[in-house]
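Understanding the architecture of this molecule
Here are the chains, one letter per residue:
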Amino acid sequence: MSSENSSADDEQRVWDVVVVGAGPAGASAAYAAAVAGRSVLLLEKAELPRYKTCGGGIIGPSRDALPPGFELPLQDRVHAVTFSLDGKFTRTRRSKQMLFGLINRPEFDQQLVEHAQKAGAELRTGVTVSRVEQHGSAVPDRRTVAVVLQGGEAVLARAVVGADGSASRIGAHVGVKLDQVDLGLEAEIPVPETVADDWQGRVLIDWGPMPGSYGWVFPKGDTLTVGVISARGEGAATKRYLEDFIARLGLAGFEPSISSGHLTRCRADDSPLSRGRVLVCGDAAGLLEPWTREGISFALRSGRLAGEWAVRIAEAHDAVDTRRQALNYAFAIKAGLGVEMAVGKSMLAAFERRPGMLHAAITSFRPAWRAFAGITRGSTTLGELVRSHPMAGRALSALDRRSAVAAPTVAESTPTTE
């Protein structure tokens, strides 16, 4: 276990902000609170760096949410996307500008934590949080929260941020409610240089055989990150999809260095984001884009907001002010990320019913490709597209209708460039 100060010091000290979980959401929250000059303790159950099941795509909103001076440890820069519909109707679209970058999570997360530490946050790894108490013998007064660790040690804080992942104990304390759970399976496949060269700068997105499913290939130097995702409850079919996907790509002969799985959880619209002096963000709050299940940008953005509002909660002297600040945090989340999630849910519903139509649009309809490119680059979001482009809103409404309309045939074609 690594620690910047001893257990005895932690028991005596009341931190301004304690953040549970050192992923992108937690590190961002710790950075935001520390850069404001507050005392911050960042707790992580694993030793860093550690592997996380994640495609590792860094889109524009993620880059925009990084701390100043952060240098992305990019493994590749994506300028082309090959789309396929369950292995058929393949088409590659290219862009002169970079669409998004690809990272390995252990390096990325470690750098985020280091930025939080440089801002003044203290890190303690190898500790597991068993529960949070806002009342009782472990809590000396109404302005204090006790984060109780395995073994019984209590760490005291004026505000707590839960960023401990999709199976969050802090989320359970807050009462987070979920209405979409998906299973992602992934393999890290080392490949020869000749194979790696063929994928350099290009990713593959395959719209899968189960409703709402898709697969991806993300190149990272001499390794390909290959994964699939679909609704929970389709475990056997999801595993079969990944195996067939890998075989179809001609990668079955290469031994994965890592094979892993992960559940992504998306919050219900009425799910709380706080309880007393405790806030949740990132996966712990069920914040991710429902259609693509992209979570890094949601983690970075919600983490930063959680850190900023945790500072305000730490300064609150009574329950009324605490509640006011917590509501302001919820409003900030819902006004930005909540709008994007609502549009993402509509996109997922349309995609589940008519993946062929979506594939046809994005590969053959230039405005649809431009919208995709704009979202990945960060020049727009799903919410902004629907808000500012009536045509996009009408197109989504048309896709979202339940009437059965056959998707147009999509023939294989040569790559196009924009």
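Quick caveat: nothing in here was measured; it's all calculated off a predicted structure. (Residues numbered from 1 in each chain as written. Predicted model: local features only at pLDDT ≥ 70, side-chain atom pairs only at ≥ 80, totals over all residues. Heavy atoms only, no water.)

Quick notes on the packing of aromatic side chains
Stated formally: For Phe, Tyr and Trp, where Trp contributes only its six-membered ring, two rings pair if their centres lie within 6.5 Å, and the inter-plane angle classes them as stacked under 30 degrees, edge-to-face over 60, or tilted in between. Runs of H or I in DSSP of at least four residues are treated as helices and runs of E of at least two as strands, each being numbered from the N terminus. Whether a residue is buried, partly exposed or exposed follows from its accessible area with a 1.4 Å probe, protein chains only, as a fraction of its type maximum: under 20%, in between, or over 50%, in that order. Charges are assigned to positions over rings by a cutoff of 6 Å between ring centre and Lys NZ or Arg CZ, combined with an angular limit of 35 degrees from the ring normal.
The final tally for this structure, using the stated rule, is 12 aromatic pairs. Measuring from centroid to centroid gives 6.2 Å for Phe83 and Trp207, while their planes differ by 15°, and the two rings are stacked. Separated by 124 residues along the polypeptide, Phe83 in strand β5 (residues 80-85) and Trp207 in strand β13 (residues 202-207) bring together distant segments of the chain. Each member of the pair, Phe83 as well as Trp207, is classed as buried. Ring centres of Trp207 and Tyr214 lie 6.2 Å apart, and the angle between their planes is 55°; on these two criteria the pair is classed as tilted. Through a chain of ring-to-ring contacts, three or more aromatic side chains come together here, namely Phe83, Trp207, Tyr214, Trp216, Trp291, Phe351, Trp369 and Phe372. Directly above the aromatic system of Trp15 lies the positively charged group of Arg13, at a separation of 3.9 Å from the ring centroid. A cation over an aromatic ring shows up here: Arg301 above the ring of Phe298, its NZ or CZ 5.1 Å from the ring centre.

Structural notes on the environment of Asp270
Put simply, the rule is: The term polar contact refers here to a pair of N or O atoms within 3.5 Å; inside protein, the definition further demands a hydrogen-donor-capable atom paired with an acceptor-capable atom, and it admits residues adjacent in sequence only when both atoms are side-chain atoms.
On the secondary structure map, Asp270 appears in the loop between β16 (258-267) and β17 (274-275). Considering only alpha carbons, one finds Asp270 and Lys177, 93 residues apart in sequence, at a separation of 7.7 Å. A polar side-chain atom of Asp270 sits 2.9 Å from a polar atom in the side chain of Lys177.

Some remarks on the packing of helix α8 (residues 296-315) against helix α9 (residues 319-353)
Defined as follows: Each axis is a line fitted through C-alpha atoms, and for a helix only the stretch in contact is used; angles between axes span 0 to 180 degrees, taken between their N-to-C directions. Note that the term roughly parallel is reserved for angles under 35 degrees, roughly antiparallel for angles over 145, roughly perpendicular for angles of 65 to 115, and oblique for everything else. Crossing chirality is assigned from the near helix's rotation relative to the far helix, an anticlockwise turn below a right angle marking it left-handed and a clockwise turn marking it right-handed. Contacts are assigned to residue pairs with any non-hydrogen atoms lying within 4.5 Å of each other.
At a closest axis distance of 9 Å, the pairing of α8 and α9 adopts a crossing angle of 165°. With respect to each other, α8 and α9 are oriented roughly antiparallel. The way α8 lies across α9 gives a crossing that is right-handed. Here Phe298, Arg301, Ser302, Leu305, Ala306, Trp309, Arg312 and Ile313 of α8 lie close against α9, whose contacting residues are Thr322, Gln325, Ala326, Asn328, Tyr329, Ala332, Ile333, Leu337, Glu340 and Met341.

As for the confidence of the model for the protein chain
We apply this condition: pLDDT expresses, on a scale from 0 to 100, how confident the predictor is about each individual residue.
A residue-level look at the protein chain finds 90% of positions with pLDDT of 70 or above and a mean pLDDT of 91. Low pLDDT, under 50, characterises residues 1-11; the stretch is placed with 29 contacts to residues that sit more than four places away or in other chains. For residues 402-418, every residue scores under 50 in pLDDT, and the model assigns this stretch 33 contacts once sequence neighbours within four places are set aside.

Examining the packing of helix α10 (residues 355-364) against helix α11 (residues 366-377)
The condition that has to hold: When residues are grouped by polarity, Ala, Val, Leu, Ile, Met, Phe, Trp, Tyr, Cys and Pro land in nonpolar, Asp, Glu, Lys and Arg in charged, and all others, Gly among them, in polar.
It is the contact of α10 with α11, at a shortest axis distance of 5 Å, that shows an interaxial angle of 85°. Taken together, the axes of α10 and α11 lie roughly perpendicular to each other. Contact with α10, carried on its side by Ala361, Ile362 and Ser364, involves Arg366, Ala368, Trp369 and Phe372 of α11 and no other residues of that element. For the contact of α10 with α11, the class distribution of residues is five nonpolar, one polar and one charged.

A look at the environment of Arg38
Relative to the elements of secondary structure, Arg38 occurs in the loop between α2 (24-35) and β2 (40-44). As for Arg38 and Ala310, which are separated by 272 residues in sequence, their C-alpha atoms are 10.0 Å apart. Sequence-distant contacts of Arg38, that is, excluding residues within four places in its chain, are made with Asp16, Ala33, Val311 and Glu315. Among the polar contacts made by the side chain of Arg38, one reaches the main-chain carbonyl oxygen of Ala36 at a distance of 2.9 Å.

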